[in-house]
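Inside the fold
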Amino acid sequence: MSLQSEANHGLISPKTAYVIDRAFWIGICLLAILLFAIFLIFPLVSVFSRSLQDASGEFVGIANYLEYFRNETLRVSLLNTIFVAGATAIICVPLAFFFAYSVTHTKMPGRRIFQSAAMLPLFAPSFLPAMSLIYLFGNQGLIGNWVFAGDIYGPAGIIVADIFFCFPHAVLILSVSLGLSDGRLYEASEALRASKWTTFRRVTLPSCRYGLLSSFFVVFTLVTTDFGIPKIIGGNYSVLSTEIYKQVVGQHNFQMGAVVGFLLLAPAVIAFSLDQALQRRHVALFSTRSVPYVPKPTALDGVALVYCSAIAAFIVCLIAVTAWGSLVTYWPYNLSLSWANYNFKNFDVSGWSPFFNSLQLAAIVAISGSLTALLSAYVAEKISGLQPARFIIRALGMLPVAVPGLVLGLGYVLFFNSPSNPLSFLVGSFALMALNTIIHFFTVPYLTALSSLRQLDREFEMVSDSLRATRLMTFWRVTLPMCGSMLLEIFVFYFINAMTTVTAVVFLYTPETRTAAIAAINMDDSGMPSVAMAMGMLILVTSLLVKVAQIFFDSFQVRHSGRWRQRL
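Below or above, wherever it landed, is the structure these notes cover. It should be emphasised that the depicted structure is a prediction, and the values quoted were computed from it without experimental measurement. (Residues numbered from 1 in each chain as written. Predicted model: local features only at pLDDT ≥ 70, side-chain atom pairs only at ≥ 80, totals over all residues. Heavy atoms only, no water.)

Here we take up the overall build of the protein chain. In terms of regular secondary structure, the protein chain is built from 24 helices and two strands. What you see for the protein chain is a C-alpha radius of gyration of 25 Å, in line with the 24 Å of a compact globule of 568 residues. When the 568 residues of the protein chain are sorted by exposure, 52% land in the buried category. Partitioning the intrachain contacts of the protein chain with sequence separation of at least 6 by distance along the chain shows that 78% fall at a separation of at least 24. (Helix = DSSP H or I, 4+ residues; strand = E, 2+ residues; numbered from the N terminus. Rg over C-alpha atoms; globule rule 2.2 N^0.38 Å. Buried < 20%, exposed > 50% of the residue type's maximum accessible area, 1.4 Å probe, protein only. Contact = heavy atoms within 4.5 Å.)

If you want it as structure tokens, here you go:
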């Protein structure tokens, strides 16, 4: 019997029910703050303090930082990271802009198909395009003698693979920005007989300048913090993400790894801070009086069709090469096709276990992360009072997006491996990997839940209070059913990212908890690229199936919700 039912049946007084309800939400507040403190703040503090110590744990100030900048090999990794991140952003953002412009501002046929094709890289681990590029343009690649002359290893390969990896993120941001164009501005421009170029320069570009800058920062941050692509195709080209791995795993030099970690954190924090500053200055251009822009057929439609076809063909081609590569018997010497690479037991003693580990981890992360994000957003937005606690939750909820997964993982190693830590029993467990993944990807689900809750009128809570219903009952009977689609979207977001992530867990896995993405990188290191691609394809197909299931379930839920609203 629920708290509200007991109150209705007179088993407990309404005042007691209110006190219990209030205690429950205060407990959720404290639990959320405790979660962030233990699994986000303390690990970051551990990384910073370790960067100021020597190998014996003695305080040495900034000596490790000075040593880093005196070492040319280490110093170059910072410059290389800035170069590939900047070059990728400069190339990727214009490509994504004209793709998003073609989808939102032209009448070319097949716009939904092109939009779906552009999203395909989201379902694959980041290292998969790097492997495909090696099969195409590597020393013994299919067309390596004609393009790149087999010199795909290094910055060129990293940049091309990163463009593939970051493209859907930039397209998503720019599609939303361009999709909110005010049609009245275009009508006014047409009435003034302005040319198409003038309209584009004076109307389109100013309305999406924030989206352009935001996508630039997002791409820059993604490239800076990614580990899979430079690990596979970087060769001897050192960047910060591979350097921190070498220092920690290869040399067990934790103090220098902590220094590299903090340097890796700096570009992400700067980019995030600039993005937040611009967001505060951004003025909404789409008001209640605005009219959605409806494109008209123009001569540009043909050009857009050719351009989007070329981009979509490149994306599908890389994924097709991955599928083909996973079936090649022994690349590049025996190109006959078979399913032998999917019999993982023949290549790794773990067999299919890493894949099942990924499914288990993804399920735990999706369920726990969705509830954590929703409850954190609910107490931050809907619970009255508790201002200091709500402010702390809001601030901490935005922090994970600026923390690279490698830095957070290193922080977990340093913090939870301490013998004095009572939570040291979590080391090597699925629970710690799941908590790391939840915190690492927390900001997007939290903001999604917050946006959805803000769309619910506060009158629901006012009516609930007037009927003396507890806030917990309102959450269960009203908020949760109305946020079903949002909750499902968060579930799928967490599931896919837990399946594909490498950086969040690369320092935390054990042979028993190794995930499919980690196993694929290990297989590639062991000279079994086709087997690694087979494992990568399993991740891709699983993620796509989950997304398709979400679309079907969501459409069913919307139809069901529609009938419910009609009855009202």
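This brings us to the environment of glycine 61. With respect to the secondary-structure elements, glycine 61 resides in the loop between α2 (14-51) and α3 (63-70). Relative accessible area serves as the criterion here: at 15%, glycine 61 is assigned to the buried category. Sequence spacing of glycine 61 and leucine 488 is 427 residues, and the spatial spacing of their C-alpha atoms is 47 Å. Ignoring sequence-local partners within four residues, the contact set of glycine 61 consists of Ser51 and Leu52.

Taken together, the side chains of Leu142, Ile143 and Leu335 present a nonpolar region at the surface, about 230 Å² in accessible area. Within the secondary structure layout, isoleucine 143 lies in the loop between α6 (127-137) and α7 (155-179). Judged by its relative accessible area of 33%, isoleucine 143 is partly exposed. (Patch = residues over 30% accessible without salt bridge, like charges linked within 9 Å, V, L, I, M, F, W, Y side chains within 5 Å. Areas by Shrake-Rupley, 256 points an atom, 1.4 Å probe, with all protein chains shown as cover. Salt bridge = Lys/Arg side-chain N within 4 Å of Asp/Glu carboxyl O.)

All right, on to the side chain of lysine 382 then. Here lysine 382 is to be found in the loop between α15 (353-381) and α16 (387-398). A relative accessible area of 4% means that lysine 382 is categorised as buried. A distance of 3.2 Å separates a polar atom in the side chain of lysine 382 from the backbone oxygen of leucine 453. Each residue touching lysine 382, except ones within four places of it in the same chain, is listed here: Leu453, Leu456, Asp457, Arg458, Glu461 and Arg471. (Polar contact = N/O pair within 3.5 Å; in protein donor to acceptor, adjacent residues only side chain to side chain.)

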